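Per-entry structural report
Residues per chain are reported as follows:
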Amino acid sequence: MRADPSGPALPQIQEAAQRYSENARHKLAGLINEGGPHGLPFARWMHTALYDPQTGYYAGAPLKFGDTTAAAGSALQGDFVTAPELTPWFGRSLARQVSPILAHLGTPHILEFGAGSGALAEHLLQALLPDFPELRYYILDISPDLTQRQQQRLAPFGDSVQWLRSLPSGFTGCVIANEVLDAMPVSLFEWGQDEQIYELHVVNKQPQRTPAPTAQTAPDNQSSPHFDFVRVPANAVLDRAVRARMPALPGYRSEINLQGESWVTGMGQWLKQGVALLIDYGFPGHEYYHPQRSQGTLMCHLLHHAHSQVLLFPGIQDITAHVDFTAMADAALAGGLDVLGYTSQARFLLNCDLLQILTSLDPEDTVRYAREIGPVQKLLSEAEMGELFKVLAIGKNADMDLVGFATGDRRHRL
Ligand SMILES: C[S@@+](CC[C@H](N)C(=O)[O-])C[C@H]1O[C@@H](n2cnc3c(N)ncnc32)[C@H](O)[C@@H]1O
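First, a word on what this report is: a plain description of the structure on this page. (Residues numbered from 1 in each chain as written. Predicted model: local features only at pLDDT ≥ 70, side-chain atom pairs only at ≥ 80, totals over all residues. Heavy atoms only, no water.)

Quick word on the overall build of the protein
For clarity, the cut-off: Here a strand is any run of E in DSSP of at least two residues, a helix any run of H or I of at least four, and the numbering for each starts at the N terminus. Burial classification: accessible surface area is computed with a 1.4 Å probe over protein chains only, and a residue below 20% of its type maximum counts as buried, one above 50% as exposed, and the rest as partly exposed. The contact criterion used throughout is that any non-hydrogen atoms of two residues lie within 4.5 Å. Method for areas: the Shrake-Rupley scheme with a 1.4 Å probe, in which residue coverage is limited to the protein chains shown.
The helix and strand inventory of the protein stands at 14 helices and 16 strands. A buried classification covers 56% of the 414 residues belonging to the protein. Within the protein, counting contacts between residues at least 6 apart in sequence, those at least 24 apart form 80% of the total. Surface summary for the protein: the accessible area is close to 18,000 Å², and the carbon and sulfur share equals 51%.

What follows is the structure, encoded as structure tokens:
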């Protein structure tokens with residue numbers, strides 16, 4: 001789960017992590033030098049910071065996904081926690097939607113993008129295999145390190161799980177992506193006084209003569225590269241995309257997930273028949289580009305600390321942006337897909353009978369009950385993940401009612 005920024009003081013960073021980040025910075029500085037005087041568009045910088053095979057955040061060995069439910073007194077692990085990491089009840093109730101999709105299609109195939117540690121795959125396989133012994137669970141993740149971890153964790157499921165190296169040429173089944181769109185590189189833009197739209201690029205910062213570490217900036221090796229933003233007039237594609245979404249607001253800075261949109265549009269090519277469930281935090285376009293959200297939603301996560309200094313620790317901090325679900329729905333329509341449902345995560349899970357399946361827990365076993373219910377409350381609570389997270393269902397040739405959207409479908413708000 002991605003919390004609100006909790007103040008400027010950053011956590012203490014271990015020496016090994018500092019070194020990893022230094023390598024990432026050298027890699028990025030080299031790319032910037034090759035890129036010429038305007039440096040790198042932020043999206044390219046973010047892609048390298050997250051996914052470079054040697055120095056990227058998702059390539060690095062340290063644990064990313066944490067466990068806030070760890071026994072009292074033990075340290076939080078990783079940098080952030082996602083719903084499947086929080087509790088298996090997320091996957092168990094998601095299975096209540098996936099199961100009728102597979103039955104309707106008559107093809108027990110699932111394709112999960114960005115499966116992280118493999119937690120959701122494990123919970124879905126456990127829930128679905130009894131009814132679908134022929135289940136084939138495909139995973140496509142751009143992180144080789146996470147793919148390896150998934151292979152270890154899911155080894156007990158044998159041939160039921162298979163990994164893809166690239167998009168399939170054709171697929172029939174259920175597609176799942178939990179917190180994947182928010183991890184795709186975004187373009188940063190800013191409106192100028194002159195109604196011009198600028199793209200933010202990243203350049204190497206000139207070394208300062210008297211750098212003094214402060215409480216806000218954890219001390220690190222000042223000889224390693226640091227970065228700054230510069231504004232460059234937006235190219236025609238970005239310019240058009242921004243103007244289509246919002247009026248000119250001088251000084252307004254935000255981001256746009258063009259890569260995510262083309263990923264969704266592209267699904268129209270390879271999804272022959274099926275339903276995709278895209279789960280993430282975000283809002284419809286009019287809320288995303290609300291005049292008051294004038295600094296966008298870009299956010300970093302480092303050791304469970306949320307902050308907005310995106311250029312500070314490449315390689316060791318997650319970088320993420322909320323999802324504009326209107327843009328994703330439009331992208332689906334542009335790819336020839338149907339928009340089948342849109343609602344909050346809480347409403348979706350309740351529609352999927354989460355409360356009913358929890359009755360299998362014995363309330364007399366108070367210790368276990370409390371341990372299991374706490375994380376479920378996080379999933380459902382409006383103040384935590386219940387309202388900020390949404391589920392968008394898109395699909396093709398799948399004319400069926402989706403139980404997860406039986407009540408509270410908000411497609412009209414997109
Ligand atoms: C924030 S993590 C979420 C992991 C997991 N789904 C969960 O909920 O715990 C983002 C995941 O998406 C993967 N990812 C990002 N972009 C991707 C893409 N274009 N295709 C496949 N995987 C991608 C990352 O490698 C990572 O596994």
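Back to the text.
Details of the site of the ligand
To keep things clear, this is the line we draw: Only heavy atoms are used to decide nearness, and a residue is near a molecule or strand if one of them lies within 4 Å of it. By the criterion applied in these results, polar contacts are pairs of N or O atoms within 3.5 Å in which, for protein atoms, one can donate a hydrogen and the other can accept it, and in which residues neighboring in sequence qualify only through two side-chain atoms. Here the term charged refers only to Asp, Glu, Lys and Arg, the term nonpolar to Ala, Val, Leu, Ile, Met, Phe, Trp, Tyr, Cys and Pro, and the term polar to all other amino acids, Gly among them.
The local shell around the ligand holds 20 residues, among which Y51, T82, G114, D141 and N178 are the closest. At a separation of 2.6 Å, an oxygen atom of the ligand approaches a polar side-chain atom of T82. Measuring from a nitrogen atom of the ligand, one finds a backbone N or O atom of G114 at 2.7 Å. Of the residues in the shell around the ligand, the class split is twelve nonpolar, five polar and three charged.

Brief notes about unusual backbone geometry
Here E179, not a glycine, exhibits a phi torsion of approximately 55°, which is positive. Its place among the elements puts E179 in the loop between β5 (171–178) and β6 (187–191). A residue is classified by how much of its surface remains accessible, and E179, at 8% relative accessible area, is buried. The phi angle at E195 is positive, at roughly 65°, despite the residue not being glycine. Relative to the assigned elements, E195 resides in the loop between β6 and β7 (197–204).

Thoughts on the packing of helix α1 (residues 15–35) against helix α2 (residues 42–51)
The relative placement of two packed helices is expressed as an angle between their axes plus a distance between the axes. What counts here: Lines fitted to C-alpha atoms define the axes, with helix axes restricted to the stretch in contact, and inter-axis angles between N-to-C directions lie between 0 and 180 degrees. Note that the term roughly parallel is reserved for angles under 35 degrees, roughly antiparallel for angles over 145, roughly perpendicular for angles of 65 to 115, and oblique for everything else. The handedness criterion is simple: a crossing whose near helix is rotated anticlockwise from the far helix by less than a right angle is left-handed, and one whose near helix is rotated clockwise is right-handed.
In the contact formed by α1 and α2, the axes pass within 10 Å of each other and the chain directions differ by 150°. When the axis of α1 is compared with that of α2, the two are roughly antiparallel. Handedness of the α1/α2 crossing: right-handed. Residues K27, L28, L31 and I32 of α1 pack against R44, W45, T48 and A49 of α2. Here the contact of α1 with α2 is built from residues that sort into five nonpolar, one polar and two charged.

Quick word on the environment of H286
Relative to the helices and strands, H286 is located in helix α9 (residues 285–288). Residues H286 and L414 lie 128 residues apart in sequence; the distance between their C-alpha atoms is 8.3 Å.

Looking at the pattern of salt bridges
Pairing between side chains of opposite charge can happen when their charged atoms approach one another. The line we're drawing: Only one rule defines a salt bridge in this text: a Lys or Arg side-chain nitrogen within 4 Å of an Asp or Glu carboxyl oxygen.
For the structure on display, the rule yields twelve salt bridges. The salt bridge partner of D145 is R149, with a shortest N-O separation of 4.0 Å. Here D145 pairs with R149, and both are found in helix α6 (residues 144–153), just four residues apart, close to one helical turn. Here R253 and E190 are joined by a salt bridge, their closest N and O atoms 2.9 Å apart. Highlighted residues: R253 in strand β9 (residues 253–256) and E190 in strand β6, separated in sequence by 63 residues. The exposure class assigned to R253 is partly exposed, which follows from its relative accessible area of 24%.

Observations regarding the environment of I142
By secondary structure assignment, the location of I142 is in the loop between β3 (136–140) and α6. Under the relative-accessibility criterion, I142 is labelled exposed at 55%. Distance in space between the C-alpha atoms of I142 and F113 is 8.7 Å, their sequence separation being 29 residues.

A few points about the environment of A276
Take A276: it is sitting in strand β10 (residues 271–283). The exposure class of A276 is buried, given its relative accessible area of 0%. Between the C-alpha atom of A276 and that of L392, which follows or precedes it by 116 residues, the distance is 8.0 Å. The contacts of A276, once residues within four sequence positions are left out, are V175, M267, L392, A393 and I394.

Digging into the packing of aromatic side chains
Two aromatic rings, taken as a pair, are described by how far apart their centres are and by the angle between their planes. Let me state the cut-off plainly: Between 30 and 60 degrees the pair is tilted, below 30 it is stacked and above 60 it is edge-to-face, where a pair is any two Phe, Tyr or Trp rings, Trp via its six-membered ring, whose centres lie within 6.5 Å.
Throughout the structure, instances matching the rule amount to 14 aromatic pairs. Judged by centre distance (5.0 Å) and plane angle (90°), the ring pair of F113 and W263 falls under edge-to-face. Here the residue F113 occupies a position in strand β2 (residues 109–113), and W263 occupies one in helix α8 (residues 258–270), the gap between them amounting to 150 residues. Taking the centre distance of 4.8 Å and the plane angle of 50° together, the rings of Y288 and Y289 count as tilted. Both residues of the pair, Y288 and Y289, belong to the buried class.

Points about the side chain of Q150
In this structure, Q150 sits in helix α6. Owing to a relative accessible area of 0%, Q150 belongs among the buried residues under this scheme. A distance of 3.1 Å separates the side chain of Q150 from the side chain of D141, its partner in a polar contact. With residues up to four places along the chain from it excluded, the contact list for Q150 reads A115, G116, S117, G118, I139, D141 and W163.

Examining helix α13 (residues 366–380)
Definition in use: Multiplying one less than the number of residues by 1.5 Å gives the expected span of a helix.
Over its 15 residues, α13 runs 20 Å from end to end, which matches the ideal 21 Å to within 8%, given 1.5 Å per residue. Among the residues of α13, those classed as buried are E372, I373, P375, V376, L379 and L380. Contacts from the buried residues of α13 go to α3 (83–86), α4 (88–105), α11 (345–351), α12 (354–357) and α14 (385–388).

Focus on the sheet that holds strand β11 (residues 299–302)
Heads up, the condition is: Two strands qualify as a pair provided that DSSP identifies no fewer than 2 bridges between them.
The strand order β12-β11-β13 describes an open sheet built from three strands, whose pairing is antiparallel. Taken across any chain shown, the strands that pair with only one partner, and hence form the sheet edges, are β12 (305–307) and β13 (318–320). Pairs of neighbouring strands in the sheet enclose a mean axial angle of 25°, with direction left out of account. Here β11 pairs with β13 via three bridges, running antiparallel. Within the sheet, the bridge partner assigned to C300 lies in β13 and is I319.

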